[in-house]
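# Remarks on the overall topology
Take a look at the letters that make up each chain.
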Amino acid sequence: MDEFEFFIDPSRCIGCEACKHACMECDTHRGRSMIHLEFVDRAISTQTSPVVCMHCEDPTCAQVCPADAIKQTEDGIVQTSTKARCIGCSNCVLACPFGVPQYVTDIDQIVKCDMCYDRTSIGKKPMCATVCPSQALYYGTRDELVKMRRETPVNDFVFGQQRVRTKVNLMSAPDAQELDFDIMNFMPDTEAEPDIYADDLGVWTESNGR
Amino acid sequence: MADNSHRDPKRTPNGDSESRWRQDFPIQSGEDSYATRREFTKFLGLTSVAFVFGTFVAAARKIWKHWVGTSSEARSVAGLSEIDIGGYKLFRYPTQDDPCILLRLGTNEFTAFNQNCSHLACPVHFDSQAGQLLCPCHVGVFSAEDGRALAGPPRRRLEVLNVEVHDAQVWVEGFEETST
């Protein structure tokens, strides 16, 4: 197991944005970051999570692209959109289950992480993983990682009806085999408190009884 | 773990990944460059076939026009006093689609040509000072006396009409047989 792999542990992220700035500083990215940080729940926590591409085996972004702009190379890396093809429709932005692609207005094109393909394809580490001070982003062999961490790398996700296997691993609970996400888990708990947003919008909910 | 038995692991947002259209728009970059190459080769092949076919169509039209469409009956196109020396008159012969130009070079000296430049069929204009016909599109120059190409891109001479003067009228009758 000498193959280098990418491992993400969002719980180790300290929100320093070093990865984002390293990404911007890479020559081939022309001062534009292809990754971003996401706040987990900004209202109650400062916890952030780095968003780099998970490189799905069957990439949803490429499946939904109407302009044929996102391609996957033989080694399983999902490339960013092709300038000549991308029409900036943002289908991939909406479709990606991990929220990876981002629409950039000034170039009218979507930008997504390609795991620093110019670097990793010649054996170098991605910019973000080389600078991450807390190793929330880690690029190395699996043997190396298992010695240092107690979490289990997971690369099998279930989003509603869709199962997604990825090249990049997410560090999860020691006994985790796959991660199951349901949209209902992220909905506001309407029984616990009145939904003030629903009230403003005039939407019927059980709590306001309209 | 939740029960995932109802979930199809092969399910993708666009359904069957082996469908016909997906072969033309593959996700793998290797297959994509193959599809691009195939489309380009197809384009090259079809375009060259179209060019070959077009050449034969153009040749057939020319031959058809030459053997069937051309009437060479004599026609009076201008009165003798109608054109000054060094002047010209435009007319159409033998059909309304064939613009021609009649030149008066001397007292009794007339020449007439099909006005289409032999290069790309722009209409030629008479330059009486130089005694030449000038095509403005690519600066092709023809002799006003016999329609020979003198300069510029045209290599072939203009089509020359047979001109006769009698009864104080200028008559044209058919095209001169071009000798190479």
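The model shown is predicted, which means the values in this text are computed figures rather than measured ones.

### A look at the overall build of chain A
Scanning chain A from terminus to terminus reveals 7 helices and 9 strands. With 210 residues in all, chain A has 30% of them scored as buried. Long-range pairs, those at least 24 residues apart, make up 50% of the contacts in chain A with a sequence separation of at least 6.

### Some remarks on the overall build of chain B
Check the secondary structure of chain B and you find 2 helices and 10 strands. N-terminal to C-terminal, the α/β element order of chain B is α-α-β-β-β-β-β-β-β-β-β-β. When the 180 residues of chain B are sorted by exposure, 18% land in the buried category. In chain B, the proportion of contacts linking residues at least 24 apart, taken out of those at least 6 apart, comes to 33%.

### Points about the sheet that holds strand β5 (residues 125-127) of chain B
All names here are of chain B. Read across the sheet, 4 strands follow the order β5-β6-β7-β8 without closing on themselves; strand pairing throughout is antiparallel. The sheet is open, and its two borders are formed by β5 and β8 (149-151), each paired with just one other strand. Here the strands of the sheet are splayed against their neighbours by 35° on average, with no regard to which way each runs. Here 4 bridges tie strand β6 (residues 132-135) to strand β7 (residues 140-143), and the two strands are oriented antiparallel to one another. Note on β7: the bridge partner recorded for Leu134 is Val141.

### Examining the confidence of the model for chain B
Fine structural detail should not be taken from predicted coordinates in areas where pLDDT scores are low. Residues and elements named next belong to chain B. On average, residues of chain B score 85 in pLDDT, and 87% of them are at 70 or above. For residues 1-15, every residue scores under 50 in pLDDT, and the model assigns this stretch 17 contacts once sequence neighbours within four places are set aside. On the interface metric, ipTM, the complex scores 0.70, and its pTM is 0.62.

### Things to note about the nonpolar core
Ranked by internal contacts, the top residues of the largest apolar core, which has 43 residues, are A:Ile8, A:Ile35, A:Val52, A:Cys128 and A:Leu137. Looking at this core, the elements with two or more residues in it are β1 (5-8), α1 (18-25), α2 (60-64), β5 (109-111), α5 (127-131), β6 (137-140) and β8 (162-172) of chain A. The biggest single contributor to this core is β8(A), with 4 residues. Once residues within four sequence positions are removed from consideration, A:Ile8 is found in contact with A:Pro50, A:Val52, A:Ala136, A:Leu137, A:Val168, A:Leu170 and A:Met171. Counting residues in hydrophobic clusters, the runner-up holds 23 residues, among them B:Cys100, B:Leu103, B:Leu161 and B:Val170.

### So, unusual backbone geometry
The step from B:Tyr93 to B:Pro94 runs through a cis peptide bond, and the omega angle for that step is 0°. Assignment of secondary structure puts B:Pro94 in the loop between β2 (88-92) and β3 (99-106). Here the phi dihedral of A:Met115 falls at roughly 50°; this positive angle occurs in a residue that is not glycine. The exposure class of A:Met115 is buried, given the 26 C-beta atoms found within 10 Å. A positive phi angle, close to 60°, is found at B:Ala168, a residue other than glycine. Mapped onto the elements, B:Ala168 comes out in the loop between β9 (160-166) and β10 (169-175).

### Thoughts on the sheet that holds strand β1 (residues 75-79) of chain B
Residue and element names in this part refer to chain B. Overall, antiparallel pairing links the 6 strands, which are arranged β1-β10-β9-β4-β3-β2 in an open sheet. Among the strands making up the open sheet, the edge pair consists of β1 and β2. Mean inter-strand twist for the sheet, computed between neighbouring axes without regard to direction, equals 30°. As paired elements, β9 and β10 share 5 bridges and run antiparallel to each other. Among the inter-strand pairings, Val163 is bridged to a residue of β10, identified as Val172.

### Things to note about the environment of A:Ala67
Of note, A:Ala67 is situated in the loop between α2 and α3 (91-95). If we ignore the near neighbours within four places in the chain, the residues touching A:Ala67 are A:Arg85, A:Cys86 and A:Ile87.

### Overview of the confidence of the model for chain A
Here chain A shows a mean pLDDT of 87. Residues at 70 or above account for 88%. Across chain A, element-level confidence peaks in α5(A) with a mean pLDDT of 95 and bottoms out in helix α7 (residues 196-201) of chain A with 54.

### Observations regarding α1(A)
Side chains that are three or four residues apart share a direction in an α-helix, a result of its 3.6 residues per turn. All names here are of chain A. Of the residues making up α1, those classed as buried are Cys19, Ala22 and Cys23. All buried residues of α1 lie within an arc of 100° about the axis, which places them on one face of the element. In this structure, the buried residues of α1 make contact with β3 (48-51), α5 and β6.

### Focus on the pairing of β2(B)
The pairing of β2(B) with β3(B) spans 5 bridges and is classified as antiparallel. Note that in β3(B) the partner of B:Arg92 across the bridge is B:Pro99.

About the cut-offs
Residues numbered from 1 in each chain as written. Chains lettered and ligands numbered in written order. Predicted model: local features only at pLDDT ≥ 70, side-chain atom pairs only at ≥ 80, totals over all residues. Helix = DSSP H or I, 4+ residues; strand = E, 2+ residues; numbered from the N terminus. Buried ≥ 20, exposed ≤ 12 C-beta atoms within 10 Å, placed from the backbone. Contact = placed C-beta atoms within 7 Å. Pairing = 2+ DSSP bridges. Axes fitted to C-alpha atoms, helices over the stretch in contact; angles between N-to-C directions. pLDDT = per-residue confidence, 0-100. Core = buried A, V, L, I, M, F, W, Y, C linked by C-beta atoms within 7 Å. Arc of directions from axis to C-beta.

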